[in-house]
Amino acid sequence: MKRARIIFGIIVFVIAILFYTQIGKTHNTNVSIEKSDKFSTEEINDAVKAVKRKFWSFRGCELTDVWYSEKESEAEIEGYMKNGRGASNGVKPENVIVLFSNFKVRSWGADVTLEPNSTHTGWSWILIRDSKTDKWRVDDRGY
């Protein structure tokens, strides 16, 4: 019985390690937030948290930088509202924020759509919410 518990413990440990190495890493992410006239620091930080949660699904990757630039964000929002999903989903521009990021892809275990041993720079994250009091959610991402 004791031997079975030890084997079970080892199996659980190995599975935990395998799972941990597969999720997107966000614990050492550098965050840079420019002053904003549109959003409070808390609102932007909540958007950063939503990006980090979404990034956990980026297997074999490490999020190195996330930043908010109001000028860059507004330019992306304009396109999103005219030609992207914002043109049809009914979201108001004041409930859209765009963050930007850089991330590294490991040499193994990453999603097959991402090139191994690569670095992605300027990756955008379009987040929306239903109202000022609702939580941010990632609606679109990419270059």
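Calculation criteria
Residues numbered from 1 in each chain as written. Predicted model: local features only at pLDDT ≥ 70, side-chain atom pairs only at ≥ 80, totals over all residues. Heavy atoms only, no water. Helix = DSSP H or I, 4+ residues; strand = E, 2+ residues; numbered from the N terminus. Buried < 20%, exposed > 50% of the residue type's maximum accessible area, 1.4 Å probe, protein only. Contact = heavy atoms within 4.5 Å. Areas by Shrake-Rupley, 256 points an atom, 1.4 Å probe, with all protein chains shown as cover. Pairing = 2+ DSSP bridges. Right-handed = clockwise from strand over helix to strand, strands pointing away. Salt bridge = Lys/Arg side-chain N within 4 Å of Asp/Glu carboxyl O. Axes fitted to C-alpha atoms, helices over the stretch in contact; angles between N-to-C directions. pLDDT = per-residue confidence, 0-100. Phe/Tyr/Trp six-rings, centres within 6.5 Å; stacked < 30°, edge-to-face > 60°.

> Run through the overall build of the protein, naming residues and quoting values.
Along the protein, the regular secondary structure elements total three helices and five strands. Counting all 143 residues of the protein, 36% fall into the buried class. Contacts in the protein between residues at least 24 apart in sequence constitute 65% of all its contacts with a sequence separation of at least 6. Accessible surface for the protein amounts to roughly 9,100 Å². Of this, 56% is attributable to carbon and sulfur atoms.

> Requested: an account of the pairing of strand β1 (residues 30-33), with residues and values cited.
As paired elements, β1 and strand β2 (residues 61-68) share four bridges and run parallel to each other. Within β2, the residue paired with Val-31 across the bridge is Val-66. A crossover connection joins β1 to the parallel β2 through helix α2 (residues 41-55); in handedness this β-α-β unit is left-handed.

> How would you summarise the pattern of salt bridges if you had to cite specific residues and measurements?
The full count for this structure, using the stated rule, is seven salt bridges. For Lys-35, the salt bridge identified is with Asp-37, shortest N-O distance 4.0 Å. Classification of Lys-35 as exposed rests on a relative accessible area of 73%. We classify Asp-37 as exposed; its relative accessible area is 73%.

> So, the pairing of strand β3 (residues 96-105): which residues are in play, and what are the values?
Counting buried positions along β3 gives nine out of ten residues, so the element sits mostly inside the fold. Where β3 meets strand β4 (residues 119-128), eight bridges bridge the pair, whose relative direction is antiparallel. Looking at β4, one finds that Ser-101 is bridged to Trp-123.

> How would you explain the sheet that holds β2 if you had to name every residue and give the values?
Ordered by their spatial adjacency, five strands build an open sheet running β1-β2-β3-β4-β5, and the pairing between neighbours is mixed. Of all the strands in the sheet, the pair left with one neighbour each is β1 and β5 (137-142). Recorded for the sheet is a direction-independent mean angle of 25 degrees between the axes of neighbouring strands. Alignment of β2 against β3, held across six bridges, turns out to be antiparallel.

> An account of the confidence of the model for the protein is requested, with residue identities and associated values reported.
Low-confidence regions, as indicated by low pLDDT, have predicted coordinates that should not be scrutinised in detail. When the pLDDT values of the protein are averaged, the result is 88; 87% of them are 70 or greater. Within the model, the stretch residues 16-21 combines pLDDT values under 50 with four contacts to residues more than four positions away or in other chains.

> For the packing of aromatic side chains, give the residues involved together with the corresponding values.
Evaluation of the coordinates by the stated rule reveals ten aromatic pairs. When the centroid spacing of 4.8 Å and the interplanar angle of 25 degrees are considered together, the rings of Phe-55 and Phe-58 count as stacked. Take Phe-55: its relative accessible area is 0%, and that puts it in the buried class. The class of Phe-58 is buried, set by a relative accessible area of 7%. When the centroid spacing of 5.2 Å and the interplanar angle of 80 degrees are considered together, the rings of Phe-103 and Trp-123 count as edge-to-face. Residue Phe-103 is located in strand β3, and its partner Trp-123 is located in strand β4; the two are separated by 20 residues in the primary sequence. Of the two residues, Phe-103 and Trp-123, neither departs from the other in class, the shared state being buried.

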